[in-house]
Amino acid sequence: MTRGARRAAGPVAGTGALVRGVAAALAIAAAMPAHAAWVEARTDHFLVYSDDAPDKVKAQAVGLERFDRALRKLRGLREFASDKANPLTVYVVPNVGAVQKLCGILEGSRRACSNTAGFYEGRAEGSVAFMPRHAGTGGKLDLNAQIVLFHEYSHHIMLANYSAAYPAWFVEGYAEFNSTASLDADGSIGFGRPALHRAYGLILTQQLKLPELLTADPVRLPPEKRESLYGRGWLLTHYLTFEPTRKGQLGTYLKAVNEGKGSLEAAKAAFGDLAALDRELDAYIRRRAFTYFVVKPDALPDSAVGVRMLTPGEAAMMPVRLRSDRGVDEAAAAAVVADARRLAAPFPNDAGAQAMLAEAEYDAGHDAEAEAAADRALAADPKNRAAMMYKGRVLVRRARQADADAAAWRTARGWFVRANRAEPDDAAPLYLFYRSFLSEGVTPPANAVLGLVRAFELAPQDGGLRFMLARQYLIDKRYKDARETLAPLAFDPHAPADSPAATLLALIDRNDAPGIAAIVGQSADPDR
């Protein structure tokens, strides 16, 4: 999937720096056997791929699903019937080195990925997380693979369930708090255990004092202070969660922030004397034991887990799938498609392999080849939704380039309609259907707008989808809805200083109608 400079979040080893966008086309095939026996394990909220033993992959999927259920119970979060159609896909690769190679396939990103232990991207087409099977040496202070994945999933579930905009310290503090959850032998799950993997930063490095922590911009922080954002963010989240004398203050603070108050102003109103709270935190970190919350097994009903071995064609194409799902730019797409053609060639009748080839050809700009691969996938499996969507995407791009007539556009969109009928709760066909009207350069009709709103309900983690919906709200003069939709993007702790969402949010807050109109009036063609 072509993502260009899309950015990925993840906890990192050593410095604790978060990596988002990244570079240098690296072949991942060398990091793992191309024809390993890959396993897929599916639960209500996860789709796990690994070349480990089937029982181990199943156990990992079960653990993830139990973590999800415990986290929802702890935070009072709802489950939706549509979750199963939009699971988080988790790719388990052998080690941190393999994660870093995947992270670094985009132009200019290798250095930024040198400390990455895992990363996540939220997408309407399917959110993905990449994690190592093994990380660290097994020591108590290690950033292990489970911590990495629980941290990443916390970002995913926050974006899916909280419409509010949160400051950077809480985004990371929340993820760090959840990341140390323990899957205990009796089936219970504990939240709030110490973040021992942050011990070095919490004890031996310079700490951000509260005024700086509360207003910190991670992009501008030096590495040692960025480590403090994670560690001190965890500490403040933990303290406000469990300290009886501070009960309710965190909720008061977050409510004030989302009513438009600055983080520092909201903190002073909710917490009182910040210097006193800083001293309390310094004392808190020296405690010999920390309070934590346990969700008992009887509160976590078992969920169904489906396990299957991938077909030989699907397994052969996994090195391609990993890179495509990580996201490719022009240089990486050229390398990926060369491997895709070679690996897919022995499997012309394998729907999964041909659908992956269709994606690689599309990303490389080879529309005829992409369409042919999609057709082969559909011949093998007429219900293959990925092939339907790449068939539609090819026809949309071809129609735009040829300035085609209305009939050609209807034919192209028909593939997204078919995919939607095959699975009404899949966000991607709804999103692509709406985008097709922007590609054509015409006003999306009411049913396409309703589809976009539904796609956002199903996959609010996708920043591009969120921005697109906010733009539509502005066109419709729904400024309050636009602001609420944009706010999490504008306050994203890893967004660049010149974030378009932050710029647009400022225009909305100033009621700058000409400025808003200028941005809304710019070309919205997602393929340009």
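Just so you know, these numbers come straight off a predicted model, no measurement behind them. (Residues numbered from 1 in each chain as written. Predicted model: local features only at pLDDT ≥ 70, side-chain atom pairs only at ≥ 80, totals over all residues. Heavy atoms only, no water.)

(A) Structural context of helix 12 (residues 318-326). Burial runs high along helix 12: nine of the nine residues are buried. Taken together, the buried positions of helix 12 are occupied by Met318, Pro319, Val320, Arg321, Leu322, Arg323, Ser324, Asp325 and Arg326. Where helix 12 ends, the next residue or the one after it, Gly327, has phi of about 110°, a positive value. (Buried < 20%, exposed > 50% of the residue type's maximum accessible area, 1.4 Å probe, protein only. Helix = DSSP H or I, 4+ residues; strand = E, 2+ residues; numbered from the N terminus.)

(B) Summary view of the side chain of Glu227. Topologically, Glu227 is positioned in helix 7 (residues 223-242). Here the side chain of Glu227 touches Arg198 through a polar contact of 3.1 Å, side chain to side chain. (Polar contact = N/O pair within 3.5 Å; in protein donor to acceptor, adjacent residues only side chain to side chain.)

(C) The side chain of Arg466, seen in detail. Following the sequence through the fold, Arg466 ends up in helix 20 (residues 463-475). For Arg466, which is buried and forms no salt bridge, the nearest opposite charge comes from Asp462, at a distance of 8.2 Å. Separated by 3.0 Å, the side chain of Arg466 and the backbone oxygen of Thr485 make a polar contact. Those residues in contact with Arg466 that lie beyond four places of it in its chain are Leu159, Phe456, Pro460, Glu484, Thr485, Pro488 and Leu489. (Lys, Arg positive; Asp, Glu negative; His and termini not counted. Salt bridge = Lys/Arg side-chain N within 4 Å of Asp/Glu carboxyl O. Contact = heavy atoms within 4.5 Å.)

(D) Representation of the pairing of strand 5 (residues 128-132) within the structure. Most of strand 5 sits out of view: five of its five residues are buried. Covered by surrounding structure in strand 5 are Val128, Phe130 and Pro132 together with Ala129 and Met131, the residues of both alternating faces. Bridge count for strand 3 (residues 88-93) against strand 5 is five bridges, and the pairing is parallel. Looking across to strand 5, one finds that Val90 is bridged to Ala129. Relative to strand 5, strand 4 (residues 119-121) runs antiparallel, the two being bridged by three bridges. Its bridge partner being in strand 5, Phe119 is matched across the sheet by Phe130. With antiparallel pairing between neighbouring strands as the criterion, strand 4 and strand 5 make up a hairpin whose turn holds six residues, including Gly126 at a positive phi of roughly 130°. (Pairing = 2+ DSSP bridges.)

(E) View of the pairing of strand 1 (residues 39-42). In this sheet, strand 2 (residues 46-50) lies alongside strand 1 in antiparallel orientation, the contact comprising four bridges. Bridge assignment links Ala41 to a residue of strand 2, and that residue is Val48. Connecting strand 1 to the next strand, strand 2, in antiparallel fashion are three residues. Bridge count between strand 1 and strand 9 (residues 306-309): four bridges; the pairing is antiparallel. When the sheet's bridge partners are listed, Glu40 is paired in strand 9 with Arg308.

(F) Local environment of the sheet that holds strand 8 (residues 293-295). Here three strands make up an open sheet; going across it, the order is 6-7-8 and the pairing antiparallel. With partners counted over all chains shown, the strands left at the sheet margins are strand 6 (182-183) and strand 8, one partner each. Direction of pairing for strand 7 (residues 189-191) relative to strand 8: antiparallel, over a ladder of three bridges. In the strand pairing of strand 8, Ile189 is matched with Val295.

(G) Region of the structure containing the pattern of salt bridges. Scanning the model with the defined rule gives 38 salt bridges in all. In this structure, Arg232 and Asp282 form a salt bridge, with 2.9 Å as the shortest nitrogen-oxygen distance. Taken together, the positions of Arg232 in helix 7 and Asp282 in helix 10 (residues 274-284) put the pair 50 residues apart, joining distant regions of the chain. In this structure Asp282 comes out as partly exposed when scored by relative accessible area, which is 24%. Salt-bridge contacts for Arg454 lead to Asp425; the nearest nitrogen and oxygen are separated by 3.1 Å. Of this pair, Arg454 sits in helix 19 (residues 446-458) while Asp425 is found in the loop between helix 17 (406-422) and helix 18 (427-440), placing the two residues 29 residues apart along the sequence. Linked through salt bridges whose partners overlap, the residues forming this network are Asp44, Glu65, Arg69 and Lys84.

(H) Broad picture of the state of the cysteines. Under the defined criterion, the tally for this structure stands at one disulfide. Residue Cys103 pairs covalently with Cys113 via a disulfide, S to S 2.1 Å. Between Cys103 and Cys113, the S-S torsion sits near -65°, and that sign places the bridge as left-handed. Pair noted here: Cys103 is in helix 2 (residues 96-103) and Cys113 is in the loop between helix 2 and strand 4, with a separation of ten residues, a long-range link. (Disulfide = S-S within 2.5 Å.)

(I) The arrangement of the sheet that holds strand 5 in detail. Reading across from one edge, 4-5-3-2-1-9 is the order of the six strands in this open sheet, with mixed pairing throughout. Looking at strand neighbours, the two that pair on one side only are strand 4 and strand 9, the edges of this open sheet. Strand-to-strand twist across the sheet, computed as the mean angle between neighbouring axes with direction ignored, equals 15°. Sheet strands in contact with helix 2 are strand 3, strand 4 and strand 5, and its direction is about 145° off that of strand 5. The sheet contacts of helix 3 (residues 145-161) involve strand 2, strand 3, strand 4 and strand 5, and relative to strand 5 the element is tilted by about 170°. (Axes fitted to C-alpha atoms, helices over the stretch in contact; angles between N-to-C directions.)

(J) Molecular detail of the packing of aromatic side chains. Taken as a whole and judged by the stated rule, the model has 18 aromatic pairs. Centre to centre, the rings of Phe67 and Phe150 are 3.8 Å apart; their planes meet at 0°, and the pair counts as stacked. Highlighted residues: Phe67 in helix 1 (residues 54-75) and Phe150 in helix 3, separated in sequence by 83 residues. Among the aromatic residues, ring-to-ring pairing joins Tyr166, Trp169, Phe170, Tyr174, Tyr253 and Phe271 into one connected group. For the cation-ring pair, Arg397 lies above Tyr362, with the distance from its terminal atom to the ring centre recorded as 3.9 Å. Taking the ring centre of Phe437 as reference, the NZ or CZ of Arg413 above it sits at 3.6 Å. (Phe/Tyr/Trp six-rings, centres within 6.5 Å; stacked < 30°, edge-to-face > 60°. Lys NZ or Arg CZ within 6 Å of the ring centre and 35° of its normal.)

So far we have only geometry, and geometry alone does not tell us how the molecule works.
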